Amino acid sequence: MAGKSGRTISNKPESPIKKIIFSWEGILILVLIGVNIFCKWFSEYYNMFNLLRQMPVYLAEVFLMMPMAFILVMGEIDISVGSIACLSATMACIVCNTGAPFIVVILTALAVGTLCGVINATILTNFTELPPMIVTLSTQIIFRGIAEIVLGSGGSISAANTAGFKALGTKVGKVPIILFLVAILAVIFAIILGKSTFGRRVYAIGTNRLTAHYSGIHVQKIRFIIYTVMGLMAGLCALFLVSTSYGANTTTGTGFEMDAIAMAVFGGISSTGGKGNLAGGIISAFIIVCLRVGLGQRNVHAQVILLILGVLLIAAVALPNLIGQLRRAVKKQ
Amino acid sequence: MKKKSAFRKLFGSREFLLAVIVVLMFAIVSAVNPAFFSFKSVTDMMKNNAVTMVMALGMLCVMLVGGIDISIMSTLALSGMSIGMLLKYEHIHNTLLAFVIAMAIGTLCGFLVGLVISRADVPPIIATMGFMYIYRAMGYLVSHGGEWAGASALGTFKNFATTKILGLSCVIWVIIVCYVIFFFFMKWTRTGRKIYAVGSNAEAAEVSGINVRNIKLMVFTVMGFLAGLGGALQVSVYASAMPDMQQGGEMDVIAACVIGGVSMSGGRGTVIGTLFGAFIMAMIPKALPLLRIDALWQNTIKGVLILVVVLVNVILQRVADRNALKGREM
């Protein structure tokens, strides 16, 4: 793992077309087209209309993927987001049942998410020795634990006043609101990560934290912001989760953190930090969404879809490494 | 450098601190509710947490080389479900054979994980996340899409957990044997010390002639073996096999190691510490009802405990570092 990044310096300028086709994003677009052709062949109901109709259930996870990409680029990980989504969904339902106006419900979900994010961020920036995996592991248990306490022995709550949540799930024309929101946020996050100073600093932290610190980057400030945004987006994800199920229970959002990480890593964002971009993450997210909709239409068990996802994930990371090793071995001879 | 006396070494060690915590917890809970202080309650506690206790040993090895394995509970489900189905459809009857099959499946699963991590350089968290999905799905496929193997289907296999040898349940003997073997393995065998070497500094270990890739492969294979053993134990203790058993339980195993003082960046951690960590994790669900705390609070308390332990650890380390610096100034 260490010292084998396999980066080579080539003096020959590559042609831009070749660069696009042979880049990871190019391959992902080909995979996306391939998946769509496969789904079309596999299921007779697979068309644009049904895809748009069934998409929102799976799209909520894409909200988590975007800030997760930032965290992975920094070379860190946050496994508490599924629990944050659970806690904010629970709180949103409770506030909704008190009869508060819907804007208050939205603000509650976002505020609870942000608060959880701030808690993570505070611990992580004050105790920099601690690996993020451990801290978010414990907060994962704590946040879901609080949701369990709040929900009581029944373990679930349903939103009595569903008008507002229904409004969130409506469509403009044929396109659901959530897709618009995902698209807008994706563009914003992609620009911040790829083009802004802030984004370049995130890459700098991911490549070499100490160097970044000595070159005057406020590493802890940036980490604080990113973990807080992660919480905020988990709150947003919770809102859309409630808008598809009109309720919350103790298992809401279980495993979402893993799905979000899987999307990002499959999109070429390295979990060791410093590599990848958000475009790859977004394309891979849509590959997974299309695959889930297509296979789900023919009643393929969710576990089989996860099996395919697992194989894709490992292959996406292992194959480039193996090809690199093979190339080096050939060159040596 | 001054050599610390054996006495000071004992009291300064982390294991001693953990032992004090365990004894304190025992004392407090027993004072509130004397029902806790009995041989039966302790053995029951160990029996119910046998899976976590045994698998924490594998996780110790994995974390010592700086890795992590979150696929273990899926491996457990796959191996446990496989023997559950074999027993249900009466392909096998022998308890020992069932254990061997479960451990073989687990070892194979762990070997595959190790191959991907050590040969293809995939980060452990990503590789094991992929295998977590794959093995869990394979468990479902083995169970014909969600069938259970209940107590009646398991025949004589479930008697393993109720059989007693020398007054102790077989399950507890398995735990004891595992811990004794690992204690000697990690402390006094060449391979055990190599694991520590790889974890402390992989490059230095490589230069000094240790095959780092093979050590990593071995560590994940051992983890798989213990997960297979855990699968057989789980099926026999709970007298049922279902494809979603122990989902999310890997976090308990990791937490047991972390409380036991195993460092996530590798190289630090002991078998004794892991034992105490696993014991503390086992005590929480058992002690809370006796303290008349609602079971709903269980997870929150568990999470807070993990957080407090790691934070206290960091603060103690900071104080120690500061004192060391002071010593240099003078």
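Residues numbered from 1 in each chain as written. Chains lettered and ligands numbered in written order. Predicted model: local features only at pLDDT ≥ 70, side-chain atom pairs only at ≥ 80, totals over all residues.

1. Things to note about the overall build of chain A
- When its secondary structure is counted, chain A shows 15 helices and four strands.
- Along the first, second and third principal axes, the C-alpha set of chain A runs to 70 × 55 × 30 Å.
- Sequence-distant contacts in chain A: of pairs separated by 6 or more residues, those separated by 24 or more amount to 80%. (Helix = DSSP H or I, 4+ residues; strand = E, 2+ residues; numbered from the N terminus. Contact = placed C-beta atoms within 7 Å.)

2. So, the overall build of chain B
- Counting its regular elements, chain B contains 15 helices and two strands.
- Over its C-alpha trace chain B gives a radius of gyration of 21 Å, about what one expects of a compact globule, namely 20 Å for 330 residues.
- Seen along its three principal axes, the alpha-carbon backbone of chain B occupies a region of about 75 × 55 × 35 Å.
- In chain B, which comprises 330 residues, the proportion classed as buried is 49%.
- Counting contacts in chain B only where the partners sit at least 6 residues apart, residues at least 24 apart contribute 78% of the total. (Rg over C-alpha atoms; globule rule 2.2 N^0.38 Å. Buried ≥ 20, exposed ≤ 12 C-beta atoms within 10 Å, placed from the backbone.)

3. Concerning unusual backbone geometry
Residues and elements named next belong to chain B.
- Unusually for a residue other than glycine, E90 sits at a positive phi of about 55 degrees.
- Its location among the elements puts E90 in the loop between α5 (72-88) and α6 (95-119).
- Not every positive phi belongs to a glycine, and A239 is a case in point at roughly 50 degrees.
- Along the chain, A239 falls in the loop between α12 (212-238) and α13 (250-259).

4. Quick notes on the nonpolar core
- M68, A69, A92 and C237 of chain A together with V54 of chain B are the most contacted members of the largest nonpolar core, which has 209 residues in total.
- Leaving out residues up to four positions away in the same chain, M68 of chain A has contacts with D78, M230, A260, I261 and A264 of chain A. (Core = buried A, V, L, I, M, F, W, Y, C linked by C-beta atoms within 7 Å.)

5. Describing the packing of helix α5 (residues 81-97) of chain A against helix α6 (residues 102-126) of chain A
All names here are of chain A.
- Where α5 meets α6, the axes come as close as 8 Å, and the angle between the chain directions of the two elements is 150 degrees. Between α5 and α6, the interaxial angle falls into the category roughly antiparallel. In the packing of α5 onto α6, the handedness of the crossing is right-handed. In this structure, α5 contributes I84, L87, S88, M91, A92, V95 and C96 to the contact, and α6 contributes V104, V105, T108, A109, V112, G113 and C116.
- By residue class, the composition of the contact of α5 with α6 is eleven nonpolar, three polar and no charged. (Axes fitted to C-alpha atoms, helices over the stretch in contact; angles between N-to-C directions. Parallel < 35°, antiparallel > 145°, perpendicular 65-115°, else oblique. Left-handed = near helix turned anticlockwise from the far one by under 90°. Nonpolar A, V, L, I, M, F, W, Y, C, P; charged D, E, K, R; others polar.)

6. Examining the environment of L76 of chain B
All names here are of chain B.
- Within the fold, L76 resides in helix α5.
- Take L76: there are 34 C-beta atoms within 10 Å of it, and that puts it in the buried class.
- In this structure the C-alpha to C-alpha distance between L76 and Q234, which are 158 residues apart in sequence, comes to 8.2 Å.

7. Description of the confidence of the model for chain B
- Confidence in the prediction for chain B averages 87 pLDDT; 96% of positions are at 70 or higher.
- Interface confidence for the predicted complex, given as ipTM, is 0.85, next to a pTM of 0.88. (pLDDT = per-residue confidence, 0-100.)

8. Some words on helix α10 (residues 197-207) of chain A
Residue and element names in this part refer to chain A.
- V202, I205 and G206 are the residues of α10 that are buried. The buried residues of α10 occupy one face: seen down the axis, they fall within an arc of 95 degrees.
- Tucked inside the fold, the buried residues of α10 contact α4 (56-73), α9 (177-195), α11 (209-214) and α12 (219-245). (Arc of directions from axis to C-beta.)

9. Quick notes on the interface of chain A and chain B
- Every contact between the two is made by 41 residues of chain A and, on the other side, 37 residues of chain B.
- When residues of the side of chain A that touches chain B are traced back to their parent elements, those giving at least two are α7 (132-151), α13 (256-266) and α15 (302-332) of chain A.
- The biggest single contributor to the side of chain A that touches chain B is α15 of chain A, with 13 residues.
- Partitioned by chemical class, the residues of the side of chain A that touches chain B number 27 nonpolar, ten polar and four charged.

10. Brief notes about α9 of chain A
Residues and elements named next belong to chain A.
- A rise of 1.5 Å per residue sets the reference length of α9, with its 19 residues, at 27 Å; its end C-alpha atoms lie 27 Å apart and thus fit the reference within 8%.
- Where α9 is concerned, the buried positions are I178, V182, F189 and L193. Viewed along the axis of α9, the buried residues span an arc of 45 degrees, placing them on a single side of the element. Residues of α9 that are exposed and point more than 90 degrees away from the buried face comprise F180, I184, V187, I188, I191 and K195.
- Close packing links the buried residues of α9 with α4, β3 (175-176), α10, α12 and α14 (278-297). (Expected span 1.5 Å × (residues − 1).)

11. Let's talk about the packing of α6 of chain A against α7 of chain A
Residues and elements named next belong to chain A.
- For the pair α6 and α7, interaxial distance at closest approach is 10 Å and the crossing angle is 145 degrees. For the pair α6 and α7, the sense of crossing is right-handed. Mapping the contact onto sequence places C116, I119, N120, I123 and L124 in α6 and P132, V135, T136, T139 and F143 in α7.
- Looking at the contact of α6 with α7 residue by residue, the classes come out as seven nonpolar, three polar and no charged.

12. Comments concerning the confidence of the model for chain A
- Residue-level pLDDT values for chain A average 86, and 93% of them are 70 or greater.
- Counting interchain partners and residues more than four positions distant, the pLDDT-below-50 stretch residues 1-6 of chain A has six contacts.

13. Section: the environment of I210 of chain B
All names here are of chain B.
- Mapped onto the fold, I210 is located in the loop between α11 (202-207) and α12.
- In this structure I210 comes out as partly exposed when scored by C-beta crowding, with 19 C-beta atoms within 10 Å.
- Discounting residues that sit within four places of it in the chain, I210 has contacts with K194, A197, V198, A205 and I215.

14. Considerations on the environment of L181 of chain A
Residues and elements named next belong to chain A.
- Counting through the fold element by element, L181 comes out in helix α9.
- Since 16 C-beta atoms lie within 10 Å of it, L181 is described here as partly exposed.
- Linking L181 and F63, residues 118 residues apart in sequence, is a C-alpha distance of 9.2 Å.

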